Amino acid sequence: MGYVHDTHMSQFIPPSELQHSAGTWTVSEASNLMKSARGAGDGSFTTLVPIRILSNGSAKKGARLKSIDVWYAIGTGACDDFATVELEKVTLPAGDTAVSGAAVSGVTLDAGHDTAAKRLAVDTDHCMTVTLDDPVWVDDGEFYFIKLVVDCAANTVFTFFGARANYDLRI
(Lines give C-alpha, C1' and ligand atoms only; values in the text may rest on other atoms or scores of the structure.)
Protein backbone atom coordinates (compact mmCIF):
# COMPACT_ATOMS: atom_id res chain seq x y z
CA MET A 1 0.00 0.00 0.00
CA GLY A 2 1.28 3.48 -0.89
CA TYR A 3 2.23 6.33 1.37
CA VAL A 4 1.78 10.05 0.63
CA HIS A 5 3.89 12.80 2.16
CA ASP A 6 3.21 16.00 0.24
CA THR A 7 4.61 19.25 1.66
CA HIS A 8 2.84 21.63 -0.74
CA MET A 9 -0.89 21.05 -0.23
CA SER A 10 -3.47 23.83 -0.14
CA GLN A 11 -7.23 24.10 0.26
CA PHE A 12 -9.15 27.10 -1.08
CA ILE A 13 -11.93 28.47 1.12
CA PRO A 14 -14.48 30.35 -1.01
CA PRO A 15 -15.96 33.64 0.22
CA SER A 16 -19.38 31.99 0.56
CA GLU A 17 -18.01 29.91 3.49
CA LEU A 18 -16.89 32.95 5.51
CA GLN A 19 -19.24 33.97 8.33
CA HIS A 20 -19.86 37.67 9.04
CA SER A 21 -21.41 39.14 12.18
CA ALA A 22 -22.75 42.50 11.04
CA GLY A 23 -23.39 44.66 8.01
CA THR A 24 -25.06 43.93 4.70
CA TRP A 25 -23.07 41.32 2.81
CA THR A 26 -23.64 40.16 -0.76
CA VAL A 27 -22.01 37.09 -2.30
CA SER A 28 -21.77 37.60 -6.02
CA GLU A 29 -19.82 37.00 -9.18
CA ALA A 30 -18.47 39.89 -11.20
CA SER A 31 -15.68 39.98 -13.78
CA ASN A 32 -15.22 36.23 -13.29
CA LEU A 33 -14.57 36.69 -9.53
CA MET A 34 -16.56 35.18 -6.68
CA LYS A 35 -16.69 37.64 -3.78
CA SER A 36 -18.44 38.60 -0.57
CA ALA A 37 -18.82 42.37 -0.26
CA ARG A 38 -20.01 44.51 2.64
CA GLY A 39 -21.79 47.68 1.59
CA ALA A 40 -20.48 51.01 2.85
CA GLY A 41 -21.48 51.80 6.41
CA ASP A 42 -19.92 52.87 9.69
CA GLY A 43 -19.58 49.96 12.12
CA SER A 44 -17.63 46.92 13.21
CA PHE A 45 -17.91 43.35 12.03
CA THR A 46 -16.31 40.04 12.85
CA THR A 47 -15.53 37.53 10.10
CA LEU A 48 -14.78 33.88 10.80
CA VAL A 49 -12.80 31.89 8.23
CA PRO A 50 -13.16 28.11 8.77
CA ILE A 51 -10.01 26.11 8.01
CA ARG A 52 -11.37 22.94 6.40
CA ILE A 53 -8.50 20.49 6.11
CA LEU A 54 -8.10 16.82 6.93
CA SER A 55 -7.51 15.71 10.50
CA ASN A 56 -6.29 12.45 11.98
CA GLY A 57 -6.22 10.87 15.43
CA SER A 58 -2.82 9.26 14.84
CA ALA A 59 0.34 11.17 15.66
CA LYS A 60 1.93 13.06 12.74
CA LYS A 61 -0.67 11.90 10.20
CA GLY A 62 -3.29 13.83 8.28
CA ALA A 63 -2.70 17.54 7.75
CA ARG A 64 -0.05 19.77 9.32
CA LEU A 65 -1.32 23.35 9.13
CA LYS A 66 1.44 25.81 8.17
CA SER A 67 -0.23 29.06 7.07
CA ILE A 68 -3.43 30.70 5.89
CA ASP A 69 -3.73 33.36 3.17
CA VAL A 70 -6.71 35.73 3.20
CA TRP A 71 -7.57 37.80 0.11
CA TYR A 72 -9.54 41.01 0.57
CA ALA A 73 -9.93 44.56 -0.75
CA ILE A 74 -10.83 47.81 0.96
CA GLY A 75 -12.43 50.33 -1.34
CA THR A 76 -13.67 53.91 -1.26
CA GLY A 77 -12.29 54.73 2.21
CA ALA A 78 -9.89 53.22 4.72
CA CYS A 79 -11.21 51.34 7.75
CA ASP A 80 -11.13 52.96 11.18
CA ASP A 81 -9.42 49.90 12.66
CA PHE A 82 -8.38 46.32 11.80
CA ALA A 83 -6.82 45.33 15.09
CA THR A 84 -7.79 41.67 15.41
CA VAL A 85 -6.32 38.84 13.36
CA GLU A 86 -6.37 35.63 15.40
CA LEU A 87 -6.00 31.95 14.65
CA GLU A 88 -8.39 30.07 16.94
CA LYS A 89 -8.23 26.41 17.94
CA VAL A 90 -11.40 24.60 19.04
CA THR A 91 -11.15 21.31 20.91
CA LEU A 92 -14.00 18.82 20.58
CA PRO A 93 -13.85 16.52 23.59
CA ALA A 94 -15.12 12.97 23.77
CA GLY A 95 -18.23 12.47 25.87
CA ASP A 96 -20.27 15.13 27.58
CA THR A 97 -17.57 17.65 28.51
CA ALA A 98 -17.63 21.21 27.22
CA VAL A 99 -16.22 22.25 23.87
CA SER A 100 -13.35 24.68 24.41
CA GLY A 101 -11.47 27.18 22.30
CA ALA A 102 -8.52 29.53 22.56
CA ALA A 103 -6.42 31.82 20.42
CA VAL A 104 -3.27 30.17 19.09
CA SER A 105 -0.14 31.94 20.26
CA GLY A 106 2.90 31.85 18.02
CA VAL A 107 1.58 33.16 14.72
CA THR A 108 3.24 35.76 12.49
CA LEU A 109 1.65 38.06 9.92
CA ASP A 110 3.47 38.91 6.70
CA ALA A 111 5.40 42.21 6.58
CA GLY A 112 2.69 43.92 4.53
CA HIS A 113 0.00 43.21 7.15
CA ASP A 114 1.84 43.05 10.49
CA THR A 115 0.21 46.23 11.84
CA ALA A 116 -3.39 47.43 11.88
CA ALA A 117 -2.37 50.48 9.83
CA LYS A 118 -1.12 48.26 7.00
CA ARG A 119 -4.20 45.99 7.11
CA LEU A 120 -6.80 48.78 7.02
CA ALA A 121 -5.38 50.84 4.15
CA VAL A 122 -7.30 51.36 0.94
CA ASP A 123 -5.58 49.12 -1.57
CA THR A 124 -6.58 47.43 -4.78
CA ASP A 125 -5.96 43.99 -3.29
CA HIS A 126 -4.59 42.56 -0.06
CA CYS A 127 -3.22 39.06 0.50
CA MET A 128 -2.58 38.67 4.22
CA THR A 129 -0.63 35.60 5.28
CA VAL A 130 -0.93 34.21 8.80
CA THR A 131 1.95 31.78 9.45
CA LEU A 132 2.15 29.40 12.38
CA ASP A 133 5.56 29.73 14.03
CA ASP A 134 5.31 25.99 14.83
CA PRO A 135 3.05 24.20 12.31
CA VAL A 136 0.52 21.85 13.93
CA TRP A 137 -0.80 18.41 13.03
CA VAL A 138 -4.59 18.74 13.15
CA ASP A 139 -6.03 16.12 15.49
CA ASP A 140 -9.45 14.61 14.78
CA GLY A 141 -10.77 16.25 17.95
CA GLU A 142 -10.01 19.82 16.93
CA PHE A 143 -10.52 22.41 14.23
CA TYR A 144 -9.17 25.87 13.43
CA PHE A 145 -10.55 29.15 12.16
CA ILE A 146 -9.31 32.69 11.58
CA LYS A 147 -11.08 35.51 13.42
CA LEU A 148 -10.92 39.01 11.91
CA VAL A 149 -12.41 42.08 13.59
CA VAL A 150 -12.72 45.20 11.43
CA ASP A 151 -14.16 48.63 12.20
CA CYS A 152 -15.29 50.31 8.98
CA ALA A 153 -15.67 54.03 8.34
CA ALA A 154 -18.92 55.33 6.85
CA ASN A 155 -17.61 55.05 3.28
CA THR A 156 -15.60 51.80 3.60
CA VAL A 157 -16.54 49.01 1.19
CA PHE A 158 -14.93 45.73 2.33
CA THR A 159 -14.69 42.73 -0.01
CA PHE A 160 -13.44 39.18 0.65
CA PHE A 161 -12.28 36.99 -2.23
CA GLY A 162 -11.56 33.89 -0.15
CA ALA A 163 -8.76 32.23 1.78
CA ARG A 164 -6.34 29.34 1.38
CA ALA A 165 -5.00 26.94 4.00
CA ASN A 166 -1.47 25.72 3.29
CA TYR A 167 -0.42 22.42 4.82
CA ASP A 168 1.57 19.21 4.63
CA LEU A 169 -0.36 15.99 3.96
CA ARG A 170 0.76 12.65 5.31
CA ILE A 171 -1.51 9.63 4.72
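One can find the structure itself at the top, above this paragraph.
The structure reproduced in this document is the subject of the present report.

Cut-offs used in this document
Residues numbered from 1 in each chain as written. Predicted model: local features only at pLDDT ≥ 70, side-chain atom pairs only at ≥ 80, totals over all residues. Heavy atoms only, no water. Helix = DSSP H or I, 4+ residues; strand = E, 2+ residues; numbered from the N terminus. Phe/Tyr/Trp six-rings, centres within 6.5 Å; stacked < 30°, edge-to-face > 60°. Lys NZ or Arg CZ within 6 Å of the ring centre and 35° of its normal. Patch = residues over 30% accessible without salt bridge, like charges linked within 9 Å, V, L, I, M, F, W, Y side chains within 5 Å. Areas by Shrake-Rupley, 256 points an atom, 1.4 Å probe, with all protein chains shown as cover. Salt bridge = Lys/Arg side-chain N within 4 Å of Asp/Glu carboxyl O. Pairing = 2+ DSSP bridges. Buried < 20%, exposed > 50% of the residue type's maximum accessible area, 1.4 Å probe, protein only.

A word on the environment of Ser105. Mapped onto the fold, Ser105 is located in the loop between strand E8 (100-103) and strand E9 (107-109). In this structure the C-alpha to C-alpha distance between Ser105 and Asp134, which are 29 residues apart in sequence, comes to 9.7 Å.

Our next topic: the packing of aromatic side chains. Aromatic rings in a pair are described by how distant their centres are and how their planes are angled relative to each other. Per the counting criterion, the structure on display carries 9 aromatic pairs. Between Phe45 and Phe158, the ring centres sit 5.3 Å apart and the planes meet at 75°, which makes this aromatic pair edge-to-face. With Phe45 in strand E5 (residues 43-51) and Phe158 in strand E12 (residues 157-170), the pair connects residues that are 113 residues apart, well separated along the chain. Among the aromatic residues, those joined into a ring-pair cluster are Trp25, Phe45, Tyr72, Phe82, Phe158 and Phe160. Positioned over the ring face of Phe82 is Arg119, at 5.7 Å from the centre of the ring.

A surface patch of nonpolar side chains, about 270 Å² in accessible area, is lined by Leu92, Val99 and Phe143. With respect to the secondary-structure elements, Phe143 resides in strand E11 (residues 142-152).

As a further point, take the sheet that holds E5. Spatially, E2-E5-E11-E7-E8 is the arrangement adopted by the 5 strands of the open sheet, whose pairing is antiparallel. The sheet terminates laterally at strand E2 (19-20) and E8, the two strands that pair on one side only. By the bridge criterion, 4 bridges tie strand E7 (residues 81-91) to E8 in an arrangement that is antiparallel. Bridge pairing links Thr91 to Ser100 in E8.

This structure, assessed with the given rule, holds 6 salt bridges. We note a salt bridge from Glu17 to Arg52, for which the minimum N-O separation is 2.9 Å. Of this pair, Glu17 sits in the loop between strand E1 (5-13) and E2 while Arg52 sits in the loop between E5 and strand E6 (62-75); the two residues are 35 residues apart in sequence, bridging distant segments of the chain. On the accessibility criterion, Glu17 (27% relative accessible area) is partly exposed. The residue Arg64 makes a salt bridge to Asp168 at a minimum N-O spacing of 2.5 Å. With Arg64 in strand E6 and Asp168 in strand E12, the pair connects residues that are 104 residues apart, well separated along the chain.

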